[in-house]
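Results of the structural survey
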Amino acid sequence: MTIDIMMPFYGDPDQLRAAVTSVLAQTDPDWRLVVIDDQYPDRTPGEWVQSIGDPRVQYLLNETNLGVSGNFSRSLQLVESEHFVLMGCDDELEPGYIAQMRSAVARFPGTSYFQPQVSVISDRGRAVLPLADRVKRWSRPSKSHPVILQGERLAVSLLRGNWTYFPSICWRTEAVRAANGFDPEYEIVLDLALQLTIITRGGTMALLPEPTFRYRRHEASVSSSTARYGGRFDEERRFFHDVAAHLDAMGWRRAARAARRHVTSRLNAATKLPGAIRVGDRDGRSSLLRHVFTNRAAR
C-alpha cells in the first residue's frame, strides 16, 4: 500500500528542500511525493525537485495561482492512492512517519483519518512550544496507545479547541472525496470543516501517540497574520455559527453548544487584542472584540 504525499508549494525554498529531504529519508519506501507549485515566482525550487531523479517524486506547475483552498482541492484531484497526506511545504516528516501510517492503516482498516503526535519547530528548525501549541497539547485527549475516536464526543472535543495538526494527518481518500473535499468558503478553518463533515457522516479518527511529524510554527504565518487584523476570526465566527445550526438539526446538542461557545477560539482572539491596540489597528481591534464578546455570525 503506497501513501501519496501531496505537497502544495508556495513558500520558502530552503524549507521546501528540508520538507522534501525528510520524505526521501523515510524508512518505508512505499510513498509517492507530488509537489504542486502554485506559480511561485522563482522557478529554481521546482527545478531542484525535478533534478532529484527519484521516480516516486513528481513536480507539477499550476497554470495559474489557485490560492490556498484551490491548490488543496487540486492536490486532492491528483491523489491516486487509497491514503494520502496533504503535507506543508515547510513541515518535516520524522523518518518513521510512513511506516507508522501503513501500520496504523493495517491495524484500523476503514478509518477515515489518522492523527499522529506532533513536535513543533521554529523557522530555524529548533524545538519550540508557543502558547497556541501548549493549548493544543492540553486539549488533545491523553492516550498512551492508539485509539479510535468518533461521533459527537469527538466533535465536541474539536469544537472546544482544534488540537489536530492538519498537515500531519493521513487521510483515507474515499472518506475525503465522499465529504466533497475542501469547502471553498474557508481558508483558515477548512481543515476543521472537513473533519466535522467526515465525523457527522459517521467517520472515525485514529489517534496515534508516537511523534512522527515536525510542524513548523512561523512567527508570521498566513493564519496568524490574518488573525492580527481580525479576518481569521470573522471566518471562524461564521463557521461556528453555521456548524452549530447543522449540529442542532442532527440532534447533537452538546456539540452545537461547543460550537456556539467556541471558547478556545475566543481566548485566542483575546490574546491578539493587545497587539492590535499597540499598532493602532482599529478595524482589527473591533473585529477581535466582536469575536470575543458576541455569537453573531460575520457575513
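As the structure is a prediction and not an experimental result, all values here were calculated from the model.

**Some thoughts on the overall build of the chain**
Regarding its fold elements, the chain presents 13 helices and nine strands. Computed over the C-alpha atoms, the radius of gyration of the chain is 19 Å, within 12% of the 19 Å expected from 2.2 N^0.38 for a compact globule of 299 residues. Dimensions of the chain, computed from C-alpha atoms along their principal axes, come out at roughly 55 × 45 × 35 Å. Burial statistics for the chain: of 299 residues in total, 53% are counted as buried. Sequence separation of at least 24 residues holds for 80% of the intrachain contacts in the chain that already meet a minimum separation of 6. Counting 39 positive and 34 negative side-chain charges, the chain places the averaged centre of each group 10 Å from the other.

**A few points about the pairing of strand 1 (residues 3-9)**
For strand 1, the buried fraction is high: seven of the seven residues fall into the buried class. Read as a crossover between parallel neighbours, the route from strand 1 over helix 1 (residues 13-24) to strand 2 (residues 31-37) is right-handed. Bridge analysis of strand 1 against strand 4 (residues 83-86) gives four bridges, and the strand direction is parallel. Paired with Ile5 across the bridge in strand 4 is Val85.

**Section: the environment of Gln26**
Note on placement: Gln26 falls in the loop between helix 1 and strand 2. Counting along the chain gives 69 residues from Gln26 to Pro95, while the straight-line C-alpha distance between them is 4.4 Å. The contact partners of Gln26, leaving out residues within four places of it in the chain, are Trp31, Leu93, Glu94, Pro95, Gly96, Tyr97 and Ile98. A polar side-chain atom of Gln26 sits 3.1 Å from the main-chain carbonyl oxygen of Ser22.

**Examining helix 3 (residues 67-78)**
Given a rise of 1.5 Å per residue, twelve residues ought to cover 16 Å, and the 16 Å separating the end C-alpha atoms of helix 3 matches this to within 8%. The set of residues buried in helix 3 consists of Ser69, Asn71, Phe72, Ser75 and Leu76. End-on view of helix 3: buried residues confined to an arc of 165 degrees, all on one side of the axis. Buried-residue contacts for helix 3 involve strand 1, strand 2, strand 4, helix 7 (173-178) and helix 8 (190-200).

**Notes on the side chain of Asn62**
Structurally, Asn62 can be placed in the loop between strand 3 (57-61) and helix 3. A polar atom in the side chain of Asn62 sits 2.9 Å from the side chain of Asp38. Once you skip the residues sitting within four places of it in the chain, Asn62 turns out to touch Ile36, Asp37, Asp38, Gln39, Asn71 and Arg74.

**Some remarks on the layout of surface pockets**
Taken as a whole, the second largest pocket encloses approximately 300 Å³ of empty space. The wall of the second largest pocket is formed by 17 residues, among which Asp183, Ala193, Leu194, Leu196 and Thr197 lie closest to the centre. Put simply, the parts of the chain that give the lining of the second largest pocket at least two residues each are helix 8 and helix 10 (231-250). Among the elements that take part in the lining of the second largest pocket, helix 8 stands out by supplying six residues, more than any other. Grouping the constituent residues of the lining of the second largest pocket by class yields nine nonpolar, five polar and three charged.

**Observations concerning the environment of Leu154**
Among the structural elements, Leu154 can be located in helix 6 (residues 151-160). The spacing of Leu154 and Leu131 is 23 residues in sequence and 23 Å in space, taken between C-alpha atoms. Residue contacts for Leu154: discarding those within four places in its chain leaves Tyr113, Leu149, Trp163, Ile199 and Met205.

**Thoughts on a positive patch on the surface**
Taken together, the side chains of Lys143, Arg153, Arg160, Arg254, Arg257 and Arg261 define a basic patch exposed on the protein surface. Of all elements in the fold, only helix 6 and helix 11 (253-261) reach the threshold of two or more residues within the positive patch. With respect to the helices and strands, the residue Arg257 is situated in helix 11.

**Concerning the nonpolar core**
Counting residues in each nonpolar core, the largest one holds 45 residues, and the members touching the most others are Tyr113, Leu159, Trp171 and Phe239. When residues in this core are grouped by element, the largest group, seven residues, is from helix 8. In terms of nonpolar packing, the next biggest core, distinct from the first, is built from 35 residues, Phe9, Met87, Ile98 and Met101 among them.

**A closer look at the pattern of salt bridges**
Oppositely charged side chains can form a pair if their charged atoms are brought close together. Overall, the coordinates contain 14 salt bridges when judged by the stated rule. Among the ionic pairs, Asp248 bridges to Arg260, the shortest N-O distance being 2.4 Å. Of this pair, Asp248 sits in helix 10 while Arg260 sits in helix 11, and the two are twelve residues apart along the sequence. With relative accessibility at 36%, the residue Arg260 sits in the partly exposed group. Salt bridges linked by common partners bring Glu92, Glu94, Arg214 and Arg216 together as one network.

**Side note on the packing of helix 10 against helix 11**
When two helices pack together, their arrangement is given by the angle between their axes and by how far apart the axes lie. Running from amino to carboxyl end, helix 10 crosses helix 11 at an angle of 170 degrees, the nearest separation of the two axes being 8 Å. The angle between helix 10 and helix 11 falls in the class roughly antiparallel. You can see that helix 10 and helix 11 cross each other, and the crossing is left-handed. Contacts between helix 10 and helix 11 involve Phe240, Val243, Ala244, Ala245, Leu247 and Asp248 on the former and, on the latter, Arg253, Ala255, Ala256, Ala259 and Arg260.

Procedures and definitions
- Residues numbered from 1 in each chain as written.
- Predicted model: local features only at pLDDT ≥ 70, side-chain atom pairs only at ≥ 80, totals over all residues.
- Heavy atoms only, no water.
- Helix = DSSP H or I, 4+ residues; strand = E, 2+ residues; numbered from the N terminus.
- Rg over C-alpha atoms; globule rule 2.2 N^0.38 Å.
- Buried < 20%, exposed > 50% of the residue type's maximum accessible area, 1.4 Å probe, protein only.
- Contact = heavy atoms within 4.5 Å.
- Lys, Arg positive; Asp, Glu negative; His and termini not counted.
- Charge placed at Lys NZ, Arg CZ, Asp CG, Glu CD.
- Right-handed = clockwise from strand over helix to strand, strands pointing away.
- Pairing = 2+ DSSP bridges.
- Polar contact = N/O pair within 3.5 Å; in protein donor to acceptor, adjacent residues only side chain to side chain.
- Expected span 1.5 Å × (residues − 1).
- Arc of directions from axis to C-beta.
- 1 Å grid on protein atoms, 1.4 Å probe; cavity = no way out; pocket = protein on both sides within 12 Å on 5 of 7 lines; lining within 4 Å.
- Points joined across faces, edges and corners; volume = space filled by probe spheres on them.
- Nonpolar A, V, L, I, M, F, W, Y, C, P; charged D, E, K, R; others polar.
- Patch = residues over 30% accessible without salt bridge, like charges linked within 9 Å, V, L, I, M, F, W, Y side chains within 5 Å.
- Areas by Shrake-Rupley, 256 points an atom, 1.4 Å probe, with all protein chains shown as cover.
- Salt bridge = Lys/Arg side-chain N within 4 Å of Asp/Glu carboxyl O.
- Core = buried A, V, L, I, M, F, W, Y, C linked by side-chain atoms within 4.5 Å.
- Axes fitted to C-alpha atoms, helices over the stretch in contact; angles between N-to-C directions.
- Parallel < 35°, antiparallel > 145°, perpendicular 65-115°, else oblique.
- Left-handed = near helix turned anticlockwise from the far one by under 90°.

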